[in-house]
Amino acid sequence: MIEIEGITKRYDATTVVDDVSMLIEPRTIAVIVGTSGSGKTTLLRMINRLVEPTSGVIRLDGADNRSLPGYQLRRSIGYAIQGHGLFPHRTVAQNIGTVPVLLGWEAARIKRRVDELMTLYQLDPQAFGPRYPHELSGGQQQRVGVARALAAEPNVLLMDEPFGALDPIIRNKAQEDLLAIQKRFGTTIILVTHDMEEAVHMGDKIAVMDAGKLVQYAKPAEILAKPASAFVETLVGASEKPFRLLSLGRVRDAVETGAAEGEAIPDDASQRDALAELLWSGRPALPVKGADGRPLGRVTVDGLVKRAARPA
Amino acid sequence: MTIRFDKLGVVIAAIVSYAAFAAPFATFRANRIVPGEARSILDALPAAAGPLLLAIVVGAALIALLKTPLILRLAASVVALAALALLIGVSGSFLTPEGNTFARISPASGFWLLIFAFTLLLADVLTRLNLSPWARVGVLVVAAAAIGLLLVSGSWNSLSILKEYANRADSFWAEGSKHVTLALGSLAAAVISGLPLGILCHRVEKLRAGVLNVLNIIQTIPSIALFGLLIAPLGWVATHVPGAAALGIRGIGTAPAFVALFLYSLLPVVANTVVGLAGVPRAANDAARGMGMTDRQRLFGVEFPLAFPVILTGIRIVLVQNIGLATIAALIGGGGFGVFVFQGVGQTAMDLVLLGAVPTVAMAFAAAIILDAVIEMTSTRRREAQPA
Amino acid sequence: MKEAGVKAWLPSLLRLVLVVLLIAFVTNPGWFEPLLKPLTENNAPAIYNQGSLLTLTLLHLRTVLIATVAATIVAVALAILVTRPAGVEFLPLSRSLVNIGQTFPPVAVLALAVPAVGFGEKPTLIALFLYGLLPIFENALTGLTTLPANVVEAARGAGMTGWQRLVKIELPLSAPIILGGIRLSVVISLATATIGSTVAARTLGEVIIAGLLSNNLAFVLQGGLIVAALAVLIYDGLSAIERYTARRMGQETA
Ligand SMILES: Nc1ncnc2c1ncn2[C@@H]1O[C@H](COP(=O)(O)OP(=O)(O)OP(=O)(O)O)[C@@H](O)[C@H]1O
Ligand SMILES: [Mg+2]
């Protein structure tokens, strides 16, 4: 659990982060969104004390983050930096192993962990381990950056626009990978992004920042349904709201009894994808199948349209 | 109120306390060759002057030690340097026995350390003041004028270096003008031939690597060897080419030194011309071509002005390097201030070495400051001209 | 295809030939006597005969090595100092000092060192040391102040201490630039060391100066060529190391 209490950061006269308080439950993802320069990176960096706050307290699992020397604190928190920041003079394997080496893990354990992470990110340890960062594609570099942040199995992971430079297909893949990892290890993640789509998709809660202030911190559905201010409303994108709302839900939650013609849609697809498929194929209903291929029922255009309406 | 120390001030204060209290201020020698006897500040100066100088340097060191306003630090360093400069002359007359023309008084390690410490303070203040190019040249002119005044007023005449000067005033100026001719003349020759060569290398890619490699290799030949190696071919030219000897070309003397300096100068000029031209933005060149400029118009109207600061940097390197290297010409009879340096080394007469070395260093230093200022002026003007 | 092969091989071949020639010359200068004989007059000796060329070459290299190692240690330490938070106050001043220092001609430094330490190898070492400091310091400063910001941030974010960042990230990353400074410094020192013989240091300058004094061009040429060959080879070797370290980091080299 991360408790941020009344955190303020001032550089000379300008207040960059202004009295922000928020609570991040363990094993959840909090996404921070906001315009450029609104203080997202600064807020993130105060958690691992790369920036010291002017006032306020941050507690990790109840302990003040100033109770350890900064460098020890940072070894226990994963940090994926804006624009990967890989060490150009170290191989991919050495890069990923940075924090475990600092923590004094034994060589065999480090190797095992590095291989495991590389495999997880579809980078063959034999082929990619000995390469240098500049010998990778941009997307591969980004994945190594995230793997490096995860290496020491941190409970807390801070990510600053980790998928910024990726093309849509790779980005989707990286997001799914991260969600899978987060489920598997129960990591608490704070993720900064400019992409509202990504925020709605990844976040258990979304924090909206404007000019250093936290203007709304709530579940995605609530942000969509009840934006706290005109600023949040624009950020969310008024015309996109119903689709974003649908993208939060899974098909399995919208299944109705009955049958339909045609190719079945899996029950873990998003409701938004289901609606898109319905509209595109011009049919009123689609069959739904479970993970084992069993038919579960159907989704209908009418049913989905009701779900896309503003919640009461 | 807490007292806060300046970090550099701690260093300066340490040097000053050692130099003022533990190191000799001046050296007395019965004649120019024998080893000297050390004299402290109090022993080297008349009754009132010694304590006064101590008070000044200690006061200035205290100002340096504490966090004080820049203006105060500037004043402290200037006052201390001026007092040192004046009083070393006083010490010279004070220590020289009446009517004795053999005795030699020279500044000793304590004096030099004090000068070093306060120059450090002055350099720090000037760096922090972030002076404009004109102001830097102004400071240089003022300093040169002050030193010139001290020299002309004769207040240093009792110091050994000026006694060496007095013994050979004529040859000093003759060698000095040879030195300047060598350094500036070879620079001029290098610029006149290096610029076209650089432009050629820029245009003809095939030529570039070859020319730069040859020039690079010339740089690795030690100066004394290159000077020596040119003796033979120039001697041959002098005897076999009609009229060459009349132009002053000889196997030994100034000619090989001139040619050697010229050869050393070519690399920085050519290389910086190539780099400067290569750095001209493609867009500027394309625009010039798009407006229908000829190659020549483009070269003089666009490429050259844009590459100018880089080329100037090459010229600065050459000038400073040539002023230093010209000292070596003395080894092959080429003259210059090196004559005094090498004579002094030969006779173990340090004052004579200083007579050659000090003007050389001063010239190189002044050249560097002036050219740096010019470079900064041309490149800022260019920056202002280009919208961000 | 074939032409490219020759082009790629030629420099290595030339280097190899140069190394072989150099070794042959300093170990068996007699073999080359016929080549140098035409440069002498009045039946003067064509090969330096007041000492072994090999010994002088080794002494020359030793002087340069000692001075360069000392200069490297001091210059890099200073550069590290003025780029740490505690020493950052000194950064602008140190830049000015380097600028001023570079205007001191090596001959002047050499001559001025004599009264302090006497004749022989010592003043030469001092001059080479002081003169060698500057390019290394300047390059180390450039290297340490132009590190990619996000890489240093990532190191901090990974929980490295100041010392660990310096040793594991900052120094390795600036290594190519620092090496470039050492290379410049060595080439300057190799040439400057010859001047050391004017204050009785035992270097190859001895051969050149003997040639100048006795008007023996063969001496001047052999002394000069040995130094130049050493400089070219060392320059080349250090450039290769520099390129290798830079390439490993995916940096472009000039
Ligand atoms: N060290 C610093 N000194 C002064 N101002 C700073 C410093 N670091 C950040 N700022 C200012 O603080 C503000 C917030 O910066 P921050 O990096 O947190 O923005 P951000 O929300 O992450 O923006 P982006 O989306 O562009 O990454 C900016 O206006 C920035 O200029
Ligand atoms: Mg940011």
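Residues numbered from 1 in each chain as written. Chains lettered and ligands numbered in written order. Predicted model: local features only at pLDDT ≥ 70, side-chain atom pairs only at ≥ 80, totals over all residues. Heavy atoms only, no water.

**Side note on the overall build of chain C**
Turning to step 1, where the next piece is worked out: Scanning chain C for helices and strands turns up 10 helices and 0 strands.
Turning to step 2, where the next piece is worked out: Each principal axis of the C-alpha atoms in chain C carries an extent, and together these give about 75 × 60 × 25 Å.
Turning to step 3, where the next piece is worked out: Within chain C, the fraction of its 254 residues that count as buried is 52%.
Turning to step 4, where the next piece is worked out: Long-range contacts, defined here as pairs at least 24 residues apart, represent 75% of the contacts in chain C between residues at least 6 apart.
Turning to step 5, where the next piece is worked out: Accessible surface for chain C amounts to roughly 11700 Å². Of this, 70% is attributable to carbon and sulfur atoms.
Turning to step 6, where the next piece is worked out: Both charge centroids of chain C, one from 16 positive and one from 12 negative side chains, sit 7 Å from each other. (Helix = DSSP H or I, 4+ residues; strand = E, 2+ residues; numbered from the N terminus. Buried < 20%, exposed > 50% of the residue type's maximum accessible area, 1.4 Å probe, protein only. Contact = heavy atoms within 4.5 Å. Areas by Shrake-Rupley, 256 points an atom, 1.4 Å probe, with all protein chains shown as cover. Lys, Arg positive; Asp, Glu negative; His and termini not counted. Charge placed at Lys NZ, Arg CZ, Asp CG, Glu CD.)

**Re the interface of chain B and chain C**
Turning to step 1, where the next piece is worked out: Between chain B and chain C, the contact holds 40 residues from the first and 39 residues from the second.
Turning to step 2, where the next piece is worked out: Taken over both partners, the interface formed by chain B and chain C buries close to 3200 Å², and the fraction arising from carbon and sulfur atoms is 81%.
Turning to step 3, where the next piece is worked out: Area buried by chain B at its contact with chain C is led by K7, T220 and I224 of chain B, which between them contribute 18% of it.
Turning to step 4, where the next piece is worked out: In this structure, K7 of chain B and E89 of chain C form a salt bridge, with 3.8 Å as the shortest nitrogen-oxygen distance.
Turning to step 5, where the next piece is worked out: Our count for the chain B to chain C interface comes out at 2 residue pairs in polar contact (both at pLDDT 80 or more).
Turning to step 6, where the next piece is worked out: Where the side of chain B that touches chain C is concerned, the elements lending two or more residues are helix 1 (7-21), helix 5 (109-129), helix 9 (205-220), helix 10 (223-229), helix 11 (231-240), helix 14 (295-325), helix 15 (338-346) and helix 16 (350-385) of chain B. (Buried area = accessible area lost by both parts, 1.4 Å probe. Salt bridge = Lys/Arg side-chain N within 4 Å of Asp/Glu carboxyl O. Polar contact = N/O pair within 3.5 Å; in protein donor to acceptor, adjacent residues only side chain to side chain.)

**A look at the interface of chain A and chain C**
Turning to step 1, where the next piece is worked out: Taken together, the contacts link 24 residues of chain A with 20 residues of chain C.
Turning to step 2, where the next piece is worked out: Overall, the association of chain A and chain C removes approximately 1900 Å² of surface from exposure, summing both partners, and the carbon and sulfur fraction of that is 60%.
Turning to step 3, where the next piece is worked out: Run the count over chain A and chain C and you get 1 salt bridge.
Turning to step 4, where the next piece is worked out: With a closest N to O distance of 2.4 Å, E153 of chain C and R45 of chain A form a salt bridge.
Turning to step 5, where the next piece is worked out: Along the contact surface separating chain A from chain C lie 7 residue pairs in polar contact (both at pLDDT 80 or more).
Turning to step 6, where the next piece is worked out: Among the elements of the structure, helix 2 (70-75), strand 6 (77-80) and helix 4 (98-103) of chain A are those that each provide at least two residues to the side of chain A that touches chain C.

**So, the arrangement of the chains**
Turning to step 1, where the next piece is worked out: If you rank the 2 pairs of chains in contact by how many contacts each has, first place goes to chains B and C.
Turning to step 2, where the next piece is worked out: Spatially, chain A and chain B are disjoint, and the shortest separation between their C-alpha atoms is 22 Å.

**As for the side chain of E3 of chain A**
Turning to step 1, where the next piece is worked out: Position of E3 of chain A relative to the elements: it lies in strand 1 (residues 2-11).
Turning to step 2, where the next piece is worked out: E3 of chain A has contacts with M22, L23, V57, I58, R59 and G62 of chain A, leaving out every residue within four places of it along the chain.

**Some words on the site of ligand 1**
All names here are of chain A.
Turning to step 1, where the next piece is worked out: What surrounds ligand 1 is a group of 13 residues, the closest being S36, G37, K40, T41 and T42.
Turning to step 2, where the next piece is worked out: Taking K40, its side chain carries an N or O atom lying 2.7 Å from an oxygen atom of ligand 1.
Turning to step 3, where the next piece is worked out: The side chain of T42 places a nitrogen or oxygen atom 2.5 Å from an oxygen atom of ligand 1.
Turning to step 4, where the next piece is worked out: Compared with its free state, where it exposes 640 Å², ligand 1 has 58% of that area covered by protein.
Turning to step 5, where the next piece is worked out: For the shell around ligand 1, the element with the highest residue contribution is helix 1 (residues 40-47), accounting for 3 residues. (Near = heavy atom within 4 Å.)

**Comments concerning helix 9 of chain B**
Turning to step 1, where the next piece is worked out: Compared with the 22 Å implied by 1.5 Å per residue over 16 residues, the 24 Å span of helix 9 of chain B between its first and last C-alpha is a close match.
Turning to step 2, where the next piece is worked out: Residues of helix 9 of chain B that are buried include every one of V211, L212, L215, I218 and T220 of chain B, and no others.
Turning to step 3, where the next piece is worked out: Buried residues in helix 9 of chain B make contact with helix 8 (169-203), helix 10 and helix 12 (254-278) of chain B together with helix 8 (162-195) and helix 10 (217-248) of chain C. (Expected span 1.5 Å × (residues − 1).)

**Quick notes on the domain arrangement of chain B**
All names here are of chain B.
Turning to step 1, where the next piece is worked out: Splitting chain B by domain gives domain 1 (7-163) and domain 2 (169-385).
Turning to step 2, where the next piece is worked out: Averaged C-alpha coordinates put domain 1 and domain 2 at centres separated by 35 Å.
Turning to step 3, where the next piece is worked out: With 12 residues of domain 1 at the interface, the matching set in domain 2 holds 14 residues.
Turning to step 4, where the next piece is worked out: When the two sides are added together, the surface that domain 1 and domain 2 hide from each other amounts to roughly 1200 Å², 66% of it contributed by carbon and sulfur.
Turning to step 5, where the next piece is worked out: Of all residues in domain 1, R32, L140 and I161 bury the most surface against domain 2, accounting for 43% of the area lost on that side.
Turning to step 6, where the next piece is worked out: Run the count over domain 1 and domain 2 and you get 2 salt bridges.
Turning to step 7, where the next piece is worked out: Between D351 and R29 there is a salt bridge whose closest N-O contact spans 2.7 Å. (Domains from an automatic or database assignment.)

**Topic: the pattern of salt bridges**
Turning to step 1, where the next piece is worked out: Tallied over the full model, the rule gives 34 salt bridges over all chains.
Turning to step 2, where the next piece is worked out: Ionic pairing is found between R66 of chain A and D64 of chain A, a salt bridge with its closest N-O pair at 3.0 Å.
Turning to step 3, where the next piece is worked out: Linking E121 of chain C and R62 of chain C is a salt bridge whose minimum nitrogen-to-oxygen distance equals 3.1 Å. Of the two residues, E121 of chain C sits in helix 6 (residues 121-145) while R62 of chain C sits in helix 3 (residues 53-83), which places them 59 residues apart along the sequence.
Turning to step 4, where the next piece is worked out: Exposure remark for E121 of chain C: the relative accessible area of 26% places this residue in the partly exposed category.
Turning to step 5, where the next piece is worked out: On the basis of relative accessible area, R62 of chain C is assigned to the partly exposed category, the value being 43%.
Turning to step 6, where the next piece is worked out: Taken together, the shared-partner salt bridges in this structure form one network comprising R113, E116, E153 and R184 of chain A.

**Things to note about the UniProt feature "domain: ABC transmembrane type-1" (unreviewed entry) in chain C**
Turning to step 1, where the next piece is worked out: Under the UniProt annotation, "domain: ABC transmembrane type-1" (unreviewed entry) lies at residues 57-238 of chain C.
Turning to step 2, where the next piece is worked out: Here residues 57-238 of chain C runs as 82% helix and 0% strand, with 19 Å between its end C-alpha atoms. (UniProt positions renumbered as here; feature names shortened; annotations may be inferred.)

**Topic: helix 8 of chain C**
Every α-helical turn comprises 3.6 residues, leaving residues that sit three or four positions apart pointing alike.
Residue and element names in this part refer to chain C.
Turning to step 1, where the next piece is worked out: The terminal C-alpha atoms of helix 8, which comprises 34 residues, lie only 43 Å apart, well short of the 50 Å expected from a rise of 1.5 Å per residue.
Turning to step 2, where the next piece is worked out: For helix 8, the principal kink sits at A175 and spans about 55°; a proline, P176, occurs within the next four residues.
Turning to step 3, where the next piece is worked out: Of all the 34 residues making up helix 8, 24 are buried; the element is thus mostly covered by neighbouring parts of the structure. (Bend = angle between axes of the 7 residues up to and from the residue.)

**Thoughts on the UniProt feature "transmembrane region" (unreviewed entry) in chain C**
Residue and element names in this part refer to chain C.
Turning to step 1, where the next piece is worked out: UniProt records the feature "transmembrane region" (unreviewed entry) for residues 12-32, 59-82, 103-120, 126-152, 173-197 and 217-238 in the present numbering.
Turning to step 2, where the next piece is worked out: The span residues 59-82 is 100% helix and 0% strand, and its two end C-alpha atoms sit 34 Å from each other.
Turning to step 3, where the next piece is worked out: Counted over residues 126-152, helix gives 89% and strand 0%. Its end C-alpha atoms are 36 Å apart.

**What to know about a nonpolar patch on the surface**
Turning to step 1, where the next piece is worked out: Taken together, the side chains of L65, V69, I73, V74, L78 and L81 of chain C define a hydrophobic patch exposed on the protein surface, amounting to about 530 Å² of accessible area.
Turning to step 2, where the next piece is worked out: Since its relative accessible area comes to 54%, L65 of chain C is described here as exposed. (Patch = residues over 30% accessible without salt bridge, like charges linked within 9 Å, V, L, I, M, F, W, Y side chains within 5 Å.)

**Description of the confidence of the model for chain B**
Residue and element names in this part refer to chain B.
Turning to step 1, where the next piece is worked out: Of all residues in chain B, 93% attain a pLDDT of 70 or more, and the chain-wide mean is 85.
Turning to step 2, where the next piece is worked out: Mean pLDDT across the secondary structure elements of chain B bottoms out at helix 11, with 70, and peaks at helix 8, with 92.
Turning to step 3, where the next piece is worked out: Segment residues 383-388: pLDDT under 50, and 1 contact once partners within four positions in sequence are set aside and those in other chains are kept. (pLDDT = per-residue confidence, 0-100.)

**Brief notes about unusual backbone geometry**
Residue and element names in this part refer to chain A.
Turning to step 1, where the next piece is worked out: In this structure, Q122 is a non-glycine residue whose phi angle is positive, near 55°.
Turning to step 2, where the next piece is worked out: Look at Q122 and you get partly exposed, because its relative accessible area is 47%.
Turning to step 3, where the next piece is worked out: Although it is not a glycine, E161 sits at a positive phi angle of roughly 45°.
Turning to step 4, where the next piece is worked out: Turning to its location among the elements, E161 is positioned in the loop between strand 7 (156-160) and helix 8 (168-185).

**Structural notes on the nonpolar core**
Turning to step 1, where the next piece is worked out: Within the largest apolar cluster, 92 residues are counted, with the highest numbers of intra-cluster contacts made by F25, L53 and F118 of chain B.
Turning to step 2, where the next piece is worked out: Top contributing element to this core by residue count: helix 3 of chain C, with 10 residues.
Turning to step 3, where the next piece is worked out: In contact with F25 of chain B, not counting residues within four places along its chain, are R39, S40, I41, A44, L45, L53, L84, I88, S91, P107, A108 and F111 of chain B.
Turning to step 4, where the next piece is worked out: V211, L215, V318 and I332 of chain B belong to the second largest nonpolar core, which has 72 residues in total. (Core = buried A, V, L, I, M, F, W, Y, C linked by side-chain atoms within 4.5 Å.)

**Side note on the sheet that holds strand 4 (residues 55-60) of chain A**
All names here are of chain A.
Turning to step 1, where the next piece is worked out: Read across the open sheet, the 4 strands follow the order 2-1-4-5; overall the sheet is antiparallel. Of all the strands in the sheet, the pair left with one neighbour each is strand 2 (14-24) and strand 5 (63-64).
Turning to step 2, where the next piece is worked out: By the bridge criterion, 7 bridges tie strand 1 to strand 2 in an arrangement that is antiparallel. From the neighbouring strand, I7 faces strand 2, where its bridge partner is V20.
Turning to step 3, where the next piece is worked out: Each of strand 1, strand 2 and strand 4 is contacted by helix 1, which is oriented at about 120° to strand 1, the strand it contacts most. (Pairing = 2+ DSSP bridges. Axes fitted to C-alpha atoms, helices over the stretch in contact; angles between N-to-C directions.)

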